[in-house]
Amino acid sequence: EIRSRYQFWFFLYPTGQPFWTSAAQLRDTLNEVRAAVDPQFANPNLDQLVLVGHSMGGLVSTMQTLESGDDFWRLLSNRAIEELRATLEEKARLAKAFYFHPSPSVKSVVTIGTPHRGSEFASDALRELSRRVIELPEMMLELTTQLSLANPGFFTNKDLLTRSTSIDSLAPDCPIFPVMLRAPRAGWTRYHNIVGVVPKRSFLGRVSEEGDGVVSFKSAHLDYVASEIIVPSDHIEVHRHPLAILEVRRILLEHLAAQNQPPSLAERPPAATPALH
C-alpha cells in the first residue's frame, strides 16, 4: 500500500554547513520541483508531503514548517535588513535563511534522533577542529564575509554569520534552538518523533547522559508532537532499527487514512501560497 501510494524523494545537502542554510536550500528545492512538475498547482498529492529526517535532517525538515517572524533575523542584528548595505540580490540571499513561512504542502514531519536542543557531542575542541577541516561553500563565505566588512557594527553575532559550521550550529549554546522551539508552527502539520536511547556507556565507549550517545534524551524529546517512541539504539543506527522502521510505516499509513477525512478549519493551510519567501 505504501509503495503504491507514495513516491520517495531524497534531498542531499553538504553536511558541513549550518543546518539553517540547508533548510533554506530545501525550501528553494521544494518550490523548484513544484514549479517544474505541477506549475498550475493542480495535483493535490503534492500538498501531502511527509518529511522524514534523521539527526540534523530532522532540524532541516522541521524548519520547513515554522513561521520565522523577525525572531531568527534578530539573532544576527537588531537593525532591519532593509538598512543593510548590500545589493537587492545579496539581501534576498541572506533573507532566505532567516525569513520564511511554513510550507502549506508539508502535512507531517518525522524526526529521528534529532538534537532539538543541540548536542553536547559538539564540544569546544570538536568545534575548533571542524572549523579547520570543514570547507564551507565558497560562495556562501564570500557573501557573508563581504556583508560583514561592508557593514561594521550591523551584526550583533558575526560568528553566526561568518564562522558557523554544522558542528557549531549543533552546539547546545547555539542561539537558534530556543527560537526554533518557540516559533509558531503550521497548524496543518503533524509532528512525530523517534528517540534513540542506549545505556549510559555510549557506543563510542564514553560515559554519557541518557540518550543515543550523540544526542541526549533531553535534547531529542519533544512535548508538542502527536507521537513519540523510544528505540533502544545508538545515533548511527537509530533510523535503521526495526522499531523505527515500523513506526515510520505506521505514520505513513496513518497519513493515508487521514486523507479520507476532511481537515478541521485549524488544520487547513492557506488557500494559495505558490512561493515561499
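Placed above this text is the structure.
Residues numbered from 1 in each chain as written. Predicted model: local features only at pLDDT ≥ 70, side-chain atom pairs only at ≥ 80, totals over all residues. Heavy atoms only, no water.

Student: What am I meant to see in the pairing of strand S3 (residues 190–196) here?
Tutor: Two faces make up the sheet, and in a regular strand the side chains alternate between them. Here S3 lies mainly inside the structure; six of its seven residues are buried. Across five bridges, the pairing between strand S2 (residues 106–112) and S3 is parallel. If you follow Val109 over to S3, its bridge partner there is Tyr191. Of the strand pairs in this sheet, S3 and strand S4 (residues 227–231) are connected by five bridges, and their pairing is parallel. Directly across from Asn193, in S4, lies its bridge partner Glu228. (Buried < 20%, exposed > 50% of the residue type's maximum accessible area, 1.4 Å probe, protein only. Helix = DSSP H or I, 4+ residues; strand = E, 2+ residues; numbered from the N terminus. Pairing = 2+ DSSP bridges.)

Student: Would you mind going over helix H2 (residues 19–37) with me for this structure?
Tutor: Since there are 3.6 residues in each turn of an α-helix, residues three or four apart along the chain are aligned in direction. Under the 1.5 Å per step criterion, the end-to-end length of H2 is 27 Å for 19 residues, consistent within 8% with the ideal 27 Å. For H2, the set of buried residues is Phe19, Trp20, Thr21, Ser22, Ala23, Ala24, Leu26, Arg27 and Arg34. (Expected span 1.5 Å × (residues − 1).)

Student: Any chance you could explain the packing of H2 against helix H4 (residues 88–98) here in plain terms?
Tutor: Contact geometry of H2 with H4 gives a least axis separation of 8 Å together with a crossing angle of 105°. The pairing of H2 with H4 is recorded here as roughly perpendicular in orientation. In this structure, H2 contributes Trp20, Ala24, Arg27 and Asp28 to the contact, and H4 contributes Lys96, Ala97 and Phe98. Of the residues contributing to the contact of H2 with H4, the split by class is four nonpolar, no polar and three charged. (Axes fitted to C-alpha atoms, helices over the stretch in contact; angles between N-to-C directions. Parallel < 35°, antiparallel > 145°, perpendicular 65-115°, else oblique. Contact = heavy atoms within 4.5 Å. Nonpolar A, V, L, I, M, F, W, Y, C, P; charged D, E, K, R; others polar.)

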